[in-house]
Amino acid sequence: MATAGSNWLDRLGLWPARATWFSLPVLAGPALNQAIRSRSGPVQVTVEVLAWAGWFAGLVGLLAPSTVSVTVYRILAPVTIAGLVGAMSTGDVDTTAALAAAVGTALAAGVAFLPTTGDEMVNGSAYGAERRLALRPPASLLLGPIGIAWALLASAAVAGPLLLAARNWAAGTLVTLAALALAYRAGRSLHQLARRWIVFTPAGFVIHDYFVLAESVLLRRSEIAGLGPAPAEPKGAIDLSAGALGLALQIEAREPINIAVRDGRNVVTTDTVRMIFTPALPGRLLREARLRGIQVS
């Protein structure tokens, strides 16, 4: 399962994300300045403050990776594209500056959503000898709710200050208040997706995913019979992947264990020896399992 390419990415860690984010002011800054130069002074200042504040928040997150910072970073990264497109649609930008900005923002946003980036940032919250590996988001959320929550949050957060800068006090105040409410509700919902992971501990293996589980599942190393790719037709396995896309893995216990699975607003307890989940980087997870002395098939 280990490949030269995956080991190469492992060694790079977060440096591709840091490099693309650090280059944003150089690549996208000229286009943004050209796009807003015809605007009023307050609007120009507001745009510049928002741009630098967002860039600085993303940079801090990348330098201090954690589950919180990956949420902030992945909210901000696509904003660079949307914000630049919005600014350029109402201002004159020369071709060279526009091309540089398009390349810079596309790279920054693309690298932000690489599985390796999310995995490294999630592991930043690990304690001691722990190793955390991210889980893929449920497919049902990828098809709409995640994008809608992000769009509402990002648009309100940018539109409110700009309306106030343009002296549209009533609309600006309402949108800014809405942005604060969305920052709590939508931001909290998006953050729950970053708090889904597999944890290798000195004691064994933990599935931490409150989207599908009421309580984390701990399997001690001695309790694990095997770990490997899930079969096409799993028999008697509890699917904890929530329909996530990608290669699913199956972990098997030597004896039945009791788990509490969420079913809408209800919690159902059941005994099982097999559980299926979908990590962001299954190859990396299996390599870690081998290093930890877990039987990998």
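Asks: Honestly, the packing of aromatic side chains in this entry has me stumped. Any pointers?
Replies: The geometry of two aromatic rings is summed up by the distance between their centres and the angle between their planes. Throughout the structure, instances matching the rule amount to five aromatic pairs. Both rings, one in tryptophan 52 and one in tryptophan 55, keep their centres 5.6 Å apart while their planes meet at 90°; by these two values the pair is edge-to-face. Here tryptophan 55 and tryptophan 52 lie together in helix H4 (residues 41-63), a separation of three residues that amounts to about one turn. We classify tryptophan 55 as buried; its relative accessible area is 14%. Taken together, a centroid distance of 5.4 Å and an interplanar angle of 75° make the contact between phenylalanine 200 and phenylalanine 205 edge-to-face. In terms of burial, phenylalanine 200 and phenylalanine 205 fall into one category: buried. Aromatic ring contacts, followed pair by pair, group Phe22, Trp52 and Trp55 into a single cluster. Seen from the ring of tryptophan 15, arginine 18 lies directly overhead, with NZ or CZ sitting 4.7 Å from the centre.

Asks: Got a minute to help me understand helix H2 (residues 15-22) in this structure?
Replies: An α-helix turns once every 3.6 residues. As a result, residues three or four positions apart point the same way. Burial in H2 covers these residues: Ala17, Arg18, Thr20 and Trp21. Tucked into the core, H2 has its buried residues touching helix H3 (24-36), H4, helix H5 (67-89), helix H6 (95-112) and helix H7 (115-123).

Asks: What am I meant to see in the pattern of salt bridges here?
Replies: Opposite charge on two side chains allows them to pair when their charged atoms are near. Scanning the model with the defined rule gives seven salt bridges in all. Between glutamate 130 and arginine 132 there is a salt bridge, and its shortest N-O distance comes to 3.1 Å. Owing to a relative accessible area of 8%, arginine 132 belongs among the buried residues under this scheme. Connected via shared salt-bridge partners are Asp119, Glu120, Arg131 and Arg284.

Asks: How do you make sense of the nonpolar core when you look at a structure like this?
Replies: Across soluble globular proteins, nonpolar side chains show a tendency to be buried alongside one another. By size, the foremost hydrophobic cluster in this structure holds 28 residues, and its most contacted members are Trp21, Leu24, Leu32, Leu62, Tyr73, Leu84 and Met121. Where this core is concerned, the elements lending two or more residues are H2, H3, H4, H5 and H6. Not counting residues up to four positions away in its chain, the partners in contact with leucine 32 are Val47, Ala51, Leu84 and Ala87. Grouped together as the second largest cluster of nonpolar side chains are 26 residues, Phe205, Val261, Met275 and Ala289 included.

Asks: How do you make sense of the sheet that holds strand E7 (residues 249-263) when you look at a structure like this?
Replies: Sheets are built from strands that pair by backbone hydrogen bonding, the pairs being arranged parallel or antiparallel. The sheet built from four strands is open, its strands ordered E5-E7-E8-E6 with mixed pairing. Where the open sheet ends on each side, the last strands, each with one partner, are strand E5 (224-229) and strand E6 (238-239). In this sheet, strand E8 (residues 266-277) lies alongside E7 in antiparallel orientation, the contact comprising eleven bridges. Paired with isoleucine 259 across the bridge in E8 is threonine 270. On top of the sheet, helix H11 (residues 282-291) reaches E5, E7 and E8; it is set at about 155° to E5, its chief contact.

Reading the values: rules and limits
- Residues numbered from 1 in each chain as written.
- Predicted model: local features only at pLDDT ≥ 70, side-chain atom pairs only at ≥ 80, totals over all residues.
- Heavy atoms only, no water.
- Phe/Tyr/Trp six-rings, centres within 6.5 Å; stacked < 30°, edge-to-face > 60°.
- Helix = DSSP H or I, 4+ residues; strand = E, 2+ residues; numbered from the N terminus.
- Buried < 20%, exposed > 50% of the residue type's maximum accessible area, 1.4 Å probe, protein only.
- Lys NZ or Arg CZ within 6 Å of the ring centre and 35° of its normal.
- Contact = heavy atoms within 4.5 Å.
- Salt bridge = Lys/Arg side-chain N within 4 Å of Asp/Glu carboxyl O.
- Core = buried A, V, L, I, M, F, W, Y, C linked by side-chain atoms within 4.5 Å.
- Pairing = 2+ DSSP bridges.
- Axes fitted to C-alpha atoms, helices over the stretch in contact; angles between N-to-C directions.

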